[in-house]
Amino acid sequence: MYHVLINNSRLSGKTMSAPGSFSGLRINIKLYHVLMMILFLFLTCAPVFPAPSSENESVFIAGELTISEINIFLITSGAVAVLILLITFFYFRISRLRSELRDGVKTSSDKITESAVTVTESQLKPGDIVKDGPKAEDLSGLLLKSIDQGICYFDTADNLKYANDAVYSLTGIEKSSDFRKEFIAGLHPEHNDYPSRRDESLAREGSFSSDISLRHRDGNYIILSTRSSLVKNSEGKEIGYMTVMQDITNLKKDMEEMARHNLESEAGNRLKAGFLANISHEIRTPLNSVVGFANLLLEDNLTRETKEEYVEHINYNSEKLLQIIGDIIDLSRLSSSQIEITYEEASLSALIRDVMEETKVIIKRTDKPVILTVNNKASSVNDLIFTDKIWLKRVLSHLMDNAVKFTLDGSIELMYSIENNDIVFTVKDTGIGINKENLASIFNEFSQEVGGHHRPFEGLGVGLTLAKEVVERMGGRIFVRSEKGIGSEFSFNIPYRPAGTKLKRALIPEDQLLSNLDWRKHRCLLVDDNKDVLIYLNRILVDTGITILTARSGVEALDHIRNDEQIDVVILDMQMPEMNGIEATKEIKKIRSDLPIIAQTAFVFENDTDIILEAGCDACLIKPIRREHLITVMSSFIKPG
């Protein structure tokens, strides 16, 4: 690069001066001082009128002013007038000098610029800017070889006349082979029409752009972004065409991945919004009934029948709340693989009977004209099986609840049979059915056929998701067949694992078990820091006749156990201040290692239960605790008589 330094003196040969320069300004300022001095002398030496020679010669003007006073007035007025004139003169003079100074600076700057351009043009010659580099022809070749985009040129007969190295590295075609033939042979079947489309577009528009898939020599397809343009000579005659190509395989993958993530994010946001709206409605509806009927119970003059009706409403809606919360927790546990299928001996017919009884209660509350039937096709085989009866019952309950919900009238049938060493369960209804296009997504989380505020049925949309997850974890599969307006049929299978003998187990009815309890000779210690829980547990055990002791902390519980050796069982809360349930359990076992401890906790995950049992507890009940569950567990530790 050439740098041209130009000096005013060198351009003109002498020092430049402009009109109104600073030297001229200094001369005018000196003139101003001279004039001011003359004015001062004039004022001090100005002649005055001669004073009268005597008092008798005094002359009065207008009867008031003397000649002396007139003299002073005239001198002062003259001085002021001269001063004003001088100020006005110098003001206009200075303004003109400033204007001339600006014009002079601009003129000098223009001359400097003009001189610089003249010198530059006279010194620089064509080609000097690259005089130390390669020739133009060599430079263009180096540039074409260095870029990572493939550039190739074909003549009008489609013969390859030029291709840079990037063309061969991108396409994987050998330089010694027939490039055009190999290129067409490597095109993906979807892009076999690329040459014809390119030729048509070049003839019509003079250019063509397209993304194509080409098989590389390593066997993988790559995606090339290509652009072809006609090439004409200086006379405007077409002499061929040029194609520029670039590998965008990774870019395409990144864009597809980004688009997929965006779709998943949008779907997740919609799902989250729908879930929050659903759960708000599903929780508030039963909670409103619980709070409302609980307040109505406080009214005076209520009959026994009315109170029982209110209590029934409270119990039913409380159960719905517990089911909603349980479904959400169970879904979270399944998603995080924190649930294990636990196999134990269970009666298949007893499990079906429990599910049917619960379904009858739901039908009765909804006042629907629905006929409920059971079709047992497994009566000839062993009724006792190894399975996770809790989860199996949950799956059947979800399917039956859905059948009742979506069947306004008609029938619901539950069938089960043994086929190919599998137990096959089928729930068939004559409800509203499901559109075929929605069958594929019916098992998705929080999915409902009609969502938002327009949905005619309640529910979170997690029941079928839970059912599918549990069935698959038990080694089975679930299927659905449905027709809109006709009904739906859900079926699933799990492995058949027979247990015990072929004789059916005689089950003791729950009412009979509770009615025969007599624990008047036994003592129970209830430990919980929540007063309401102690009142509730005391009330559900009072009918057994057992003597109840209470403690509000782990420390207080230890005092009871040290002072009372007749305590038969301890019901212990796990979360308390000062000393939690785990610590209290270890201390109790140090005092009496044989004393049964039944833990009560709100923690529902498997590892929480394992920690509790490993600490020394003999059983674990999950809150909320029901009377039949508590008494059943206590019965295994309290000996009769």
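Residues numbered from 1 in each chain as written. Predicted model: local features only at pLDDT ≥ 70, side-chain atom pairs only at ≥ 80, totals over all residues. Heavy atoms only, no water.

This next bit is on the overall build of the protein chain. When helices and strands are counted, the protein chain shows 18 helices and 17 strands. Expressed as a percentage of its 641 residues, the buried residues of the protein chain come to 33%. Here the contacts in the protein chain between residues at least 6 apart in sequence split such that 64% fall between residues at least 24 apart. Summing over all exposed atoms, the protein chain offers an accessible surface of approximately 40300 Å²; the carbon and sulfur share of this is 55%. (Helix = DSSP H or I, 4+ residues; strand = E, 2+ residues; numbered from the N terminus. Buried < 20%, exposed > 50% of the residue type's maximum accessible area, 1.4 Å probe, protein only. Contact = heavy atoms within 4.5 Å. Areas by Shrake-Rupley, 256 points an atom, 1.4 Å probe, with all protein chains shown as cover.)

Glancing now at the sheet that holds strand 13 (residues 523-527). The strand order 14-13-15-16-17 describes an open sheet built from five strands, whose pairing is parallel. Looking at the sheet topology across the chains shown, the edges are occupied by strand 14 (547-551) and strand 17 (619-622). For this sheet the average axis-to-axis angle between neighbouring strands, irrespective of direction, equals 20 degrees. As paired strands, strand 16 (residues 597-601) and strand 17 are joined by four bridges and run parallel to one another. Among the inter-strand pairings, Gln600 is bridged to a residue of strand 17, identified as Leu621. Across the sheet, helix 16 (residues 581-591) lies against strand 15 (569-573) and strand 16, angled at about 155 degrees from strand 15, the strand it touches most. (Pairing = 2+ DSSP bridges. Axes fitted to C-alpha atoms, helices over the stretch in contact; angles between N-to-C directions.)

On to the packing of aromatic side chains. Per the stated rule, a full pass over the model turns up ten aromatic pairs. Look at Phe179 and Phe183: their rings are 5.8 Å apart centre to centre, the planes differ by 25 degrees, and that puts the pair in the stacked class. One end of the pair is Phe179 and the other is Phe183, both in helix 6 (residues 179-185) and four residues apart, which spans about a single turn. Taking relative accessible area as the criterion, Phe183 reaches 7% and is therefore assigned buried. (Phe/Tyr/Trp six-rings, centres within 6.5 Å; stacked < 30°, edge-to-face > 60°.)

Quick look at helix 12 (residues 463-473) now. Along helix 12, the residues classified as buried are Gly463, Leu464, Thr465, Leu466, Ala467, Val470 and Val471. Remark: Gly475 follows helix 12 within two positions and exhibits a positive phi of approximately 90 degrees.

Of all hydrophobic cores here, the largest spans 39 residues; its most connected members are Leu392, Leu396, Leu399, Met400, Ile412, Phe425 and Phe492. Among the secondary structure elements, those contributing two or more residues to this core are helix 10 (348-366), strand 7 (370-376), helix 11 (389-405), strand 9 (410-419), strand 10 (422-429), helix 12, strand 11 (477-483) and strand 12 (487-495). Broken down by element, the residue count for this core peaks at eight residues, all from helix 11. Contacts of Leu399, omitting those with residues within four sequence positions, involve Val427, Leu464, Ile478, Phe490 and Phe492. Residues Leu534, Ile540, Ile548 and Val633 belong to the second largest nonpolar core, which totals 21 residues. (Core = buried A, V, L, I, M, F, W, Y, C linked by side-chain atoms within 4.5 Å.)

Here we take up the pairing of strand 4 (residues 221-232). The side chains of a regular strand alternate, first on one face of the sheet and then on the other. The pairing of strand 3 (residues 207-215) with strand 4 spans nine bridges and is classified as antiparallel. Directly across from Phe208, in strand 4, lies its bridge partner Ser228. Here strand 3 hands over to strand 4 after five residues, with Gly219 in that stretch at a positive phi of 100 degrees. Remark: five residues form the turn of the hairpin made by strand 4 and strand 5 (residues 238-247), two consecutive strands paired antiparallel; Gly236 in that turn has positive phi of roughly 85 degrees.

Counting through the fold element by element, Leu187 comes out in the loop between helix 6 and helix 7 (194-205). Classification of Leu187 as buried rests on a relative accessible area of 5%. Considered as a pair, Leu187 and Ile212 are 25 residues apart in the sequence and their alpha carbons are 7.5 Å apart. Contacts of Leu187, omitting those with residues within four sequence positions, involve Asn192, Tyr194, Pro195, Ile212, Ser213 and Leu214.

One non-glycine residue, Asp158, adopts positive backbone phi at about 65 degrees. Tracing the backbone through its elements, the reader meets Asp158 in the loop between strand 1 (150-155) and strand 2 (160-163).

So, on to helix 10. Compared with the 27 Å implied by 1.5 Å per residue over 19 residues, the 28 Å span of helix 10 between its first and last C-alpha is a close match. Every buried residue of helix 10 is accounted for by Leu348, Ala350, Leu351, Ile352, Val355, Met356, Thr359 and Ile363. For helix 10, the elements touching its buried residues are strand 6 (344-347), strand 7, strand 8 (384-387), helix 11, strand 9 and strand 10. Immediately beyond the C-terminal end of helix 10, within one or two residues, lies Asp367, with a positive phi of roughly 55 degrees. (Expected span 1.5 Å × (residues − 1).)

Spatially, five strands are ordered 7-9-10-12-11 in an open sheet, and the strand pairing comes out mixed. Each end of this open sheet is capped by a strand with a single partner; those strands are strand 7 and strand 11. Neighbour-to-neighbour, the strand axes of the sheet open up by a mean angle of 10 degrees, direction not taken into account. Where strand 11 meets strand 12, seven bridges bridge the pair, whose relative direction is antiparallel. Bridge pairing in strand 12 links Ile478 to Phe492. Lying over the sheet, helix 10 contacts strand 7, strand 9 and strand 10, oriented at roughly 175 degrees with respect to strand 7. Taken strand by strand, helix 12 contacts strand 11 and strand 12, and its axis lies near 140 degrees from that of strand 11.

Turning our attention to the pattern of salt bridges. Per the counting criterion, the structure on display carries 22 salt bridges. Glu357 is paired through a salt bridge with Lys360; the nearest N and O atoms lie 3.9 Å apart. One end of the pair, Glu357, and the other, Lys360, are both in helix 10, three residues apart, so they sit about a helical turn from each other. (Salt bridge = Lys/Arg side-chain N within 4 Å of Asp/Glu carboxyl O.)

This part is about the environment of Glu489. Following the sequence through the fold, Glu489 ends up in strand 12. Once residues lying within four places of it in the same chain are set aside, the contact partners of Glu489 are Thr426, Val427, Lys428, Phe479, Val480 and Arg481. Within the structure, the side chain of Glu489 is placed 2.7 Å from the side chain of Arg481, a separation counted as a polar contact. (Polar contact = N/O pair within 3.5 Å; in protein donor to acceptor, adjacent residues only side chain to side chain.)

A few words on the environment of Val291. Mapped onto the elements of the fold, Val291 is located in helix 8 (residues 249-296). Among the residues examined, Val291 registers a relative accessible area of 43% and is labelled partly exposed. Note: C-alpha distance between Val291 and Ile314 (23 residues apart in sequence) is 8.0 Å.

Quick look at the packing of helix 10 against helix 11 now. Where helix 10 contacts helix 11, the axes come no closer than 10 Å and their chain directions differ by 30 degrees. Of the possible angle classes, the one that applies to helix 10 and helix 11 is roughly parallel. Note on packing geometry: the crossing formed by helix 10 with helix 11 is right-handed. Along its contact with helix 10, which presents Leu351, Ile352, Asp354, Val355, Met356, Glu358, Thr359, Ile362, Ile363 and Thr366, the element helix 11 presents Lys389, Leu392, Lys393, Leu396, Ser397, Met400, Asp401 and Val404. (Parallel < 35°, antiparallel > 145°, perpendicular 65-115°, else oblique. Left-handed = near helix turned anticlockwise from the far one by under 90°.)

Our next topic: the confidence of the model for the protein chain. This prediction gives the protein chain a mean pLDDT of 76; 68% of its residues lie at or above 70. The model gives residues 1-30 a pLDDT under 50, and that stretch makes 33 contacts with residues more than four places away or in other chains. In this model, residues 452-457 is a region of pLDDT below 50 whose contacts with residues beyond four sequence positions or in other chains number ten contacts. (pLDDT = per-residue confidence, 0-100.)

For the rest of this paragraph, the subject is the side chain of Ser207. Mapped onto the elements, Ser207 comes out in strand 3. Look at Ser207 and you get buried, because its relative accessible area is 18%. Once you skip the residues sitting within four places of it in the chain, Ser207 turns out to touch Ser201, Leu202, Arg227, Ser228 and Ser229.

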